[in-house]
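Here is how the chains run, residue by residue.
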Amino acid sequence: MQAYRASLLRFDDAGQPLFDEDGLLVIGPDARGRQVVVAAGAWSALHASYAEVPVTHWPGRIIAPGFVDMHIHFPQTDIIGAPAEGLLPWLENYTFPAESRFVDAGHSAEVAEFFFDELMRNGVTTSLTFATSHPASVQAFFASAQRRQLRMISGKVLQDRHSPDGVRDDTEESLVETETLIRQWHNVDRLGYAITPRFAPTSTDAQLRGAGELAAKYPDTWIHSHVAENKDEVQWARELFPEARSYLDVYTGFGLMRERAVYAHCIHFDDADRQLMRETKTASAVSPTSNLFLGSGFFDFDGADRVGYRYGLASDVGGGTSFSPFTTMMAAYYAGREGQTKPGVSIAPSQLWWRHTGGAAQALGLGGVIGNLQPGCEGDFVVINPTATPLLARKTGLAQNLEELLFSLIVLGDDRLIERTMISQAQAT
């Protein structure tokens, strides 16, 4: 076992923050040999019980759960900040040309290595990640994640129509490749497979039907796609699927809504859509920097909470503008102001943090596994330096309570806050 002493942030099962100014985190093997949290709490209460365990002491630092990014595109790393009129022109002019390069295994591997370096630098220890329609991109992603002993989820993109040469795939071949990749990588070490239709307009009925059949055959895989991001996209989906009640309802008809199904954006919803999300245990990946950058609209946090369906935060790189969870949380705070019905802060700082850690893990069906530092959770965590810049040091020193401290970190923070990113399974070897 190994113990770490610093201030300690974690959450209870309801997402309420637990904070110890002087805390102790103990990590050790469980019955299956995984490195997990053995104990977490105040140093004064725990240190006598673990007196024989070596302790690493980080005075003035905060230990917190590793961040969980619910929706990100690793092949779009190089097109962050590409200017476009909106979603559909951005896809045509930047996204598809960049993704066409991932047919090459060497290019896929090089970008995957950079991508994981960037995630680790920003304290993101798990992500639900789009690859491309090329199996080489998936192979590169999983091979790099496996070497680093990360808990990561990805899958081959399915898009057999309304896509240019270079990214469009063949219906039957795409489904065969998907099943082959599931059998090769799903539940290997800390890896998980996501069946990944890009979005309904870029898949034929046959491809969507086949994806739903694979989702039924492999029920512990994830499903990952986009829905209701942009008004032009919503109108396009209505024209292509006139029999569906809504854009979201398209996926229901193909068996693509269930637990471990995650849809990015979910902006242009009504309450019937929100009710459908709740009934099917489907989750939303909220991507505020992307939505602001592309002018797509604002996620309705009040609506999601009123109906009570699962959601968490996501960077959506490269439509999103930063790998940093602090940038994402700050953008979510801005977005939460839109349509706000109650006075005060739009979303409490601790809840922004929860939606990017344990809440995101729950939305992924991985509650109690990642995103928290309670006993039994895998021990991926970050070490935060709240004095990383002169302004941060000044501001955090004035914090009167935990909410003020967390909000200072969210508003003023970036990758400089992350002093270390610790991957528990890598520590075990």
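In case you missed it, the structure is sitting above this.
Residues numbered from 1 in each chain as written. Predicted model: local features only at pLDDT ≥ 70, side-chain atom pairs only at ≥ 80, totals over all residues. Heavy atoms only, no water.

Undergrad: Mind showing me how you'd approach the overall build of the protein here?
TA: When helices and strands are tallied, the protein shows 17 helices and 15 strands. Judged by the C-alpha coordinates and their principal axes, the protein covers about 65 × 50 × 40 Å. Across the 429 residues of the protein, 60% fall into the buried class. Looking at the protein alone, contacts between residues at least 24 apart form 74% of all its contacts between residues at least 6 apart. About 16000 Å² of surface is accessible on the protein, with carbon and sulfur atoms providing 50% of the total. Here the protein holds 35 positive side-chain charges and 52 negative ones, and the gap between their average locations is 4 Å. (Helix = DSSP H or I, 4+ residues; strand = E, 2+ residues; numbered from the N terminus. Buried < 20%, exposed > 50% of the residue type's maximum accessible area, 1.4 Å probe, protein only. Contact = heavy atoms within 4.5 Å. Areas by Shrake-Rupley, 256 points an atom, 1.4 Å probe, with all protein chains shown as cover. Lys, Arg positive; Asp, Glu negative; His and termini not counted. Charge placed at Lys NZ, Arg CZ, Asp CG, Glu CD.)

Undergrad: Would you mind showing me how to read unusual backbone geometry here?
TA: Glycine aside, a negative phi is what most residues show, and trans is what most peptide bonds show. In the segment running from Val317 into Gly318, the intervening peptide bond is cis, with an omega of 5°. Relative to the elements of secondary structure, Gly318 occurs in the loop between strand 13 (310-313) and helix 12 (325-337). Backbone geometry at Arg260 places phi at a positive 75°, although glycine is not the residue there. We classify Arg260 as buried; its relative accessible area is 18%.

Undergrad: In this structure, what is going on with helix 5 (residues 171-185)? I would like to understand it.
TA: Every α-helix carries 3.6 residues per turn, so stepping three or four residues along brings you back to the same face. Taking 1.5 Å as the rise per residue, helix 5 with 15 residues should run 21 Å; its terminal C-alpha atoms sit 21 Å apart, in good agreement. Elements that come into contact with the buried residues of helix 5 comprise helix 4 (135-148), strand 8 (157-158), strand 9 (191-197) and helix 6 (205-217). N-cap assignment for helix 5: the residue whose side-chain oxygen lies 3.3 Å from the backbone N of Glu172 is Asp170. Following helix 5 by one or two positions, Asn187 adopts a phi angle in the positive range, close to 65°. (Expected span 1.5 Å × (residues − 1). Polar contact = N/O pair within 3.5 Å; in protein donor to acceptor, adjacent residues only side chain to side chain.)

Undergrad: Looking at this structure, I do not really get the nonpolar core. What am I missing?
TA: General note: in soluble globular proteins, nonpolar side chains tend to be found buried as a group. Membership of the largest hydrophobic core comes to 97 residues, with the highest contact counts inside it found for Leu119, Val227, Tyr247, Tyr251, Tyr263, Trp353 and Ile384. Discounting chain neighbours no more than four positions away, the residues touching Trp353 are Leu9, Phe11, Ala64, Phe67, Phe326, Met329, Ile384, Leu406, Leu409 and Ile410. By size, the runner-up hydrophobic cluster in this structure holds 17 residues, among which are Leu128, Trp222, Val262 and Ala361. (Core = buried A, V, L, I, M, F, W, Y, C linked by side-chain atoms within 4.5 Å.)

Undergrad: It is not clear to me how the environment of Arg416 should be interpreted in this structure. Could you clarify?
TA: Inspection of the secondary structure assignment puts Arg416 in the loop between helix 16 (402-412) and strand 15 (418-422). Considered as a pair, Arg416 and Ser324 are 92 residues apart in the sequence and their alpha carbons are 9.8 Å apart. Once you skip the residues sitting within four places of it in the chain, Arg416 turns out to touch Ala388 and Thr389. Polar contacts involving the side chain of Arg416 include one to the side chain of Asp414, which spans 2.7 Å.

Undergrad: For this particular structure, what's the right way to read helix 2 (residues 87-99)?
TA: Counted at 1.5 Å a residue, the expected span for helix 2 with its 13 residues is 18 Å, but the 16 Å between its end C-alpha atoms falls short. Maximum bend of helix 2: about 30°, positioned at Asn93, with proline Pro97 one to four residues after it. Taken residue by residue, helix 2 has Leu87, Trp90, Leu91, Thr95, Phe96, Ala98 and Glu99 as its buried positions. Residues of helix 2 that are buried in the fold lie against strand 5 (67-73), helix 7 (231-240) and helix 10 (288-294). (Bend = angle between axes of the 7 residues up to and from the residue.)

Undergrad: What is the right way to read the packing of helix 5 against helix 6 from this model?
TA: Running from amino to carboxyl end, helix 5 crosses helix 6 at an angle of 20°, the nearest separation of the two axes being 9 Å. Comparing their axes, helix 6 and helix 5 come out roughly parallel. Where helix 5 crosses over helix 6, the handedness of that crossing is right-handed. Residues Thr171, Ser174, Leu175, Thr178, Glu179 and Arg183 of helix 5 form the contact with helix 6, whose own contacting residues are Ala206, Gln207, Gly210, Ala211, Leu214 and Lys217. Of the residues contributing to the contact of helix 5 with helix 6, the split by class is four nonpolar, five polar and three charged. (Axes fitted to C-alpha atoms, helices over the stretch in contact; angles between N-to-C directions. Parallel < 35°, antiparallel > 145°, perpendicular 65-115°, else oblique. Left-handed = near helix turned anticlockwise from the far one by under 90°. Nonpolar A, V, L, I, M, F, W, Y, C, P; charged D, E, K, R; others polar.)

Undergrad: How should empty space enclosed by the protein be read in this particular structure?
TA: To find the voids left in a structure, one rolls a probe of water-molecule size over its atoms. Enumeration over the complete set of coordinates arrives at three cavities of 30 Å³ or more. There is about 110 Å³ of room inside the largest cavity. Around the largest cavity, the lining residues are His73, Gln76, Leu87, Trp90, Leu91, Arg198, Phe199, His226, Glu229, Glu233, His265 and Asp316. Considering each element in turn, the lining of the largest cavity owes the most residues, three residues, to helix 2. Class assignment for the residues of the lining of the largest cavity results in four nonpolar, four polar and four charged. (1 Å grid on protein atoms, 1.4 Å probe; cavity = no way out; pocket = protein on both sides within 12 Å on 5 of 7 lines; lining within 4 Å. Points joined across faces, edges and corners; volume = space filled by probe spheres on them.)

Undergrad: Where do I start with the packing of aromatic side chains in this structure?
TA: To describe a pair of aromatic rings, you give the distance between the ring centres and the angle between the ring planes. Taken as a whole and assessed by the stated rule, the structure comprises 25 aromatic pairs. Linked through ring pairs, Phe74, Phe102, Phe115, Phe116, Phe141, Phe142, Trp185, Tyr193 and Phe323 together constitute an aromatic cluster. Looking at Arg355, its charged tip hangs above the ring of Tyr311, at a distance of 3.9 Å from the centre. (Phe/Tyr/Trp six-rings, centres within 6.5 Å; stacked < 30°, edge-to-face > 60°. Lys NZ or Arg CZ within 6 Å of the ring centre and 35° of its normal.)

Undergrad: Got a minute to help me understand the side chain of Asn230 in this structure?
TA: Looking at the secondary structure, you find Asn230 in the loop between strand 10 (222-227) and helix 7. Residue classification places Asn230 among the buried residues on the basis of a relative accessible area of 10%. There is a polar contact of 2.8 Å between the side chain of Asn230 and the backbone nitrogen of Asp232. The residues contacting Asn230, other than those within four sequence positions of it, are Leu87 and His268.

Undergrad: Explain the side chain of His356 here, please?
TA: Relative to the elements of secondary structure, His356 occurs in the loop between helix 13 (349-355) and helix 14 (358-363). For His356, a relative accessible area of 1% corresponds to the buried category. Each residue touching His356, except ones within four places of it in the same chain, is listed here: Phe67, Val68, Asp69, Leu313, Ala314, Pro325, Thr328 and Met329.

From the geometry alone we can't say anything about function, so treat these as descriptive.
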